[in-house]
Structure formats: C-alpha cells, structure tokens
Amino acid sequence: MAAFTFTASSLFCSRITEPLTLISSKSPSMLNFKRTPVIKISCDYSCLEVKDVHYRPPGTQINLLNGVSFSLPEKSFGLIFGQSGSGKTTLLQLLAGLSKPTSGSIFIQRYTDDGKPTQSPKSLVPERVGIVFQFPERYFVADNVLDEVTFGWPRQRGGPQLKEHLALNLQRAFNWVGLNGISLDKDPHSLSGGYKRRLALAIQLKAQVPDLLILDEPLAGLDWKARADVVKLLKHLKKELTILVVSHDLKELEELVDQSWRMEMGGFLREEQLVV
Ligand SMILES: Nc1ncnc2c1ncn2[C@@H]1O[C@H](COP(=O)(O)OP(=O)(O)OP(=O)(O)O)[C@@H](O)[C@H]1O
C-alpha cells in the first residue's frame, strides 16, 4: 500500500503529532494501494510566551512581579493559583495590556511541531486579549441583553458589510457560550448567575477570537449549580480558545487544566502540578 507522510497544518489545527494509520474496511486490492496508508498529522502551533517579566508600579520601590516566565500553547487551559496578595492579578493586568512590564517581554510565537520557531514573535496586543474580571456582572450597564452585548458598537457609521461582519461574530460568540436561546429583551441583571457569566464571556468574544482569554476567579460568588455550569462552558470553550485563569477553586477546575503555576509571595511564578 502507498505510504503517505505529509504536513496537514492547513487542514487541522490540533497538537496531534503522532502518526495516524488509516484503516479501510475495503481490502488493499480493492483500494489499489500497495501499503497501509500512514498519515502523519503535523501542525504548527502558537504559544503565549512570557519571558523574565518584572513589574514595579511607577513611584514605588518594590517589584510586584519578579522574573515571571511561562509558556501557554494555543487552545490550552492554564491556571495560576497562589496566596492572596502574591501578584496574580498584577500579572493578568500586564497580559491584558493594562500596565506595562518594567522589564521582560510578552509575545506570541509560532512553532513547528518539533518545537522550532517559525517566524519572528509578534507582540500580544491588548486588542487581541479578552479579560473577564471577577464578578463581571457588576459592570453591566444596559437594561437589556442586546444593548449590553452591543455596547460601544457603531450605530450610524459602517456599511452593511461591517454590520454583517459584526452580526456574524456576535452569533458565533452567542453559540460558543450557549446563549442563543435567550431573549435579547431580558434585563442582564435578572439572568441566573451562570448566564450572567456567559453574557460576560460573549461580550469578550463578540468582536473576534482573542489570542488569549483571561478569567479572574470565574467561579467566585456563584452557587454550586452555576459553578458546574461555568466549568462545563469553559470545557467547551477550551476547544477553541487559549484560556488563562486565576482561581482558588482548584478542585472544580482541575479537569480542565493543562498547565498550572503557583504564584509565590513577592511575585515569583513556579510551575506546579495540581494535587487536589
Ligand atoms: N499599584 C500598586 N502599588 C503598590 N502595590 C500594589 C499595587 N497594586 C497592587 N499592589 C500590591 O501588590 C500585591 C499583589 O497584588 P495582586 O492584586 O496582584 O495580588 P493577588 O495575588 O491577585 O491577590 P488576590 O488573590 O487577593 O486577588 C499586593 O500586596 C497589593 O497590595
């Protein structure tokens, strides 16, 4: 049978790199193959790279982050945990572009499947980062779901093409977070805890697929049912997105986590597997 080994990065985007053997129910002679077809699915992938980041707020003498380095491959789920006051939120703020590192770098690097960089790194720009803060529902401003989710969109300017593009993106965001059945007239504050978090996520996903989605304590303040609902949703979203979470809820998130780090007091980040 014919043996194929080829790169299918344009067709598949997963990090499967093992050779796959396709087995046909038809006999080799019927297929006119001489050898078992072997397809190596190989795929370039990108990684969020944080290298030796230090952060000292302007006008202070103390570093809140000290030499923070880590990598997070695309479509994986990273978790940062650690004591209150250790610097977790400070790190998320740098990743979201809300403040700038004093030194060090934050960028996206593409690699071949055997780990070689394929091109120059590109900066992680704030416009390509989604961030959902703790208790996002506290920041809802509109009195219906449609106005909440389209807040800030151009009303007058922009032709039909732009509008169609925005509508399609919004539809995708609603599908991803499972909000398609919801009435758009509803007051966002009247939604259940889990649905409020879904709406907060849709707002972050409505414009684009972000390079990084950051969630600060996504389960905080929810009852057990809503917590289970959000965990299920995150499990679904991690198939599409690169997600970095800061949380104390290690047990509930454990099943989602691909990589985890402990932030130690003084802003030192160490890789540490979850043992819960
Ligand atoms: N602008 C600032 N100037 C000086 N100190 C600051 C500033 N911002 C935060 N801090 C201090 O930096 C430390 C880290 O704060 P940060 O909010 O990042 O911790 P955290 O790990 O997210 O805590 P928590 O789990 O309670 O949210 C805290 O001691 C905080 O008081």
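Residues numbered from 1 in each chain as written. Predicted model: local features only at pLDDT ≥ 70, side-chain atom pairs only at ≥ 80, totals over all residues. Heavy atoms only, no water.

Q: Would you mind going over the site of the ligand with me for this structure?
A: Taken together, the residues surrounding the ligand are Pro57, Leu64, Gln83, Ser84, Gly85, Ser86, Gly87, Lys88, Thr89, Thr90 and His248. Measuring from an oxygen atom of the ligand, one finds a side-chain N or O atom of Thr90 at 2.6 Å. Across the shell around the ligand, the residue classes tally to two nonpolar, eight polar and one charged. (Near = heavy atom within 4 Å. Polar contact = N/O pair within 3.5 Å; in protein donor to acceptor, adjacent residues only side chain to side chain. Nonpolar A, V, L, I, M, F, W, Y, C, P; charged D, E, K, R; others polar.)

Q: Mind showing me how you'd approach the pairing of strand β5 (residues 77–82) here?
A: On a regular strand, one side chain projects to one face of the sheet and the next to the other, so that they alternate. Extensive coverage of β5 is indicated by the burial of six of its six residues. Of the two faces of β5, the one lined by Phe77, Leu79 and Phe81 and the one lined by Gly78, Ile80 and Gly82 are each fully buried. One ladder, built from four bridges, connects β5 with strand β10 (residues 243–246); its direction is parallel. By the bridge assignment, Leu79 is partnered in β10 with Val245. With five bridges joining them, β5 and strand β11 (residues 259–264) adopt parallel strand pairing. Looking at β11, one finds that Ile80 is bridged to Trp261. (Buried < 20%, exposed > 50% of the residue type's maximum accessible area, 1.4 Å probe, protein only. Helix = DSSP H or I, 4+ residues; strand = E, 2+ residues; numbered from the N terminus. Pairing = 2+ DSSP bridges.)

Q: So what exactly am I meant to see when it comes to the pairing of β10 here?
A: Neither face of β10 is exposed, since Ile243 and Val245 on one face and Leu244 and Val246 on the opposite face are all buried. Of the pairings in the sheet, the one linking strand β9 (residues 212–216) to β10 comprises four bridges and is parallel in character. If you follow Leu213 over to β10, its bridge partner there is Ile243.

Q: Would you mind showing me how to read the nonpolar core here?
A: Among soluble globular proteins, nonpolar side chains are generally buried collectively. Counting 40 residues, the largest nonpolar core has Leu237 and Leu253 as its most contacted members. Judged by nonpolar contacts, the second largest core, of 26 residues, contains Val53, Tyr55, Leu244 and Trp261. (Core = buried A, V, L, I, M, F, W, Y, C linked by side-chain atoms within 4.5 Å.)

Q: Just checking my understanding: could you explain the side chain of Ser99 for this structure?
A: Mapping Ser99 onto the fold places it in the loop between α2 (88–95) and β6 (103–111). When near neighbours in sequence (up to four residues on either side) are disregarded, Ser99 contacts Tyr55, Gln93 and Leu94. (Contact = heavy atoms within 4.5 Å.)

Q: Could you clarify how one ought to interpret the packing of aromatic side chains in this entry?
A: Two measures describe an aromatic ring pair: the distance that separates the ring centres and the angle between the ring planes. Overall, the coordinates contain two aromatic pairs when judged by the stated rule. For the cation-ring pair, Arg138 lies above Phe135, with the distance from its terminal atom to the ring centre recorded as 3.9 Å. Here the guanidinium or amino end of Arg172 rests over the ring plane of Trp176, the centre of that ring lying 5.3 Å away. (Phe/Tyr/Trp six-rings, centres within 6.5 Å; stacked < 30°, edge-to-face > 60°. Lys NZ or Arg CZ within 6 Å of the ring centre and 35° of its normal.)

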